[in-house]
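Coordinate analysis (summary)
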Amino acid sequence: MPAMPLHMPLTTAYLCQDCNCVSNCSRRCPACASEVLMGLAGILNREVVEEVPRQGYSYVTAMVA
């Protein structure tokens, strides 16, 4: 049976450092009962940075000898 897609806000996502499972439980991993959890929002949450305009390049006809 295929896994059901799951939507979880980054602010409630925790990575278990013992079994590498992600869950929304901040106290204990539901897969292995470990208490060694790391909140992913502090690591993965990034601010939207304004896109810097790229320098335009112009093409010039090559001179052939």
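Reading guide: rules and limits
Residues numbered from 1 in each chain as written. Predicted model: local features only at pLDDT ≥ 70, side-chain atom pairs only at ≥ 80, totals over all residues. Heavy atoms only, no water. Salt bridge = Lys/Arg side-chain N within 4 Å of Asp/Glu carboxyl O. Buried < 20%, exposed > 50% of the residue type's maximum accessible area, 1.4 Å probe, protein only. Helix = DSSP H or I, 4+ residues; strand = E, 2+ residues; numbered from the N terminus. Disulfide = S-S within 2.5 Å. pLDDT = per-residue confidence, 0-100. Pairing = 2+ DSSP bridges.

Evaluated as defined, the whole model comprises one salt bridge. Salt-bridge contacts for R28 lead to E35; the nearest nitrogen and oxygen are separated by 2.6 Å. The exposure class assigned to R28 is partly exposed, which follows from its relative accessible area of 43%. Residue E35 is classed as exposed on the basis of its relative accessible area of 54%.

The phi angle of most residues is negative, glycine excepted, and most peptide bonds adopt the trans form. Phi at N20 takes a positive value of approximately 60°, unusual for a residue other than glycine. The topology assignment puts N20 in the loop between β1 (14-16) and β2 (22-23). One non-glycine residue, A33, adopts positive backbone phi at about 70°. As for its position among the elements, A33 is in the loop between β2 and β3 (37-39). Among the residues examined, A33 registers a relative accessible area of 41% and is labelled partly exposed.

We now examine the state of the cysteines. Scanning the model with the defined rule gives zero disulfides in all. In this structure C16 is not part of a disulfide, and its nearest cysteine sulfur, from C32, lies 3.6 Å away. Looking at C21, it has no disulfide partner, and the nearest cysteine sulfur is the one in C19, 3.5 Å off. Residue classification places C21 among the partly exposed positions, given a relative accessible area of 31%.

Turning to the confidence of the model for the protein, a few remarks are in order. When pLDDT drops low, the exact placement of atoms in the prediction is not to be read closely. This prediction gives the protein a mean pLDDT of 83; 72% of its residues lie at or above 70. Per-element mean pLDDT across the protein ranges from 88 in helix α1 (residues 41-44) up to 95 in β1.

With respect to topology, three strands assemble into an open sheet ordered β2-β1-β3, the strand pairing being antiparallel. If you trace the sheet from one side to the other, it starts and ends with β2 and β3, each paired once. One ladder, built from two bridges, connects β1 with β2; its direction is antiparallel. By the bridge assignment for β2, L15 is matched with V22.

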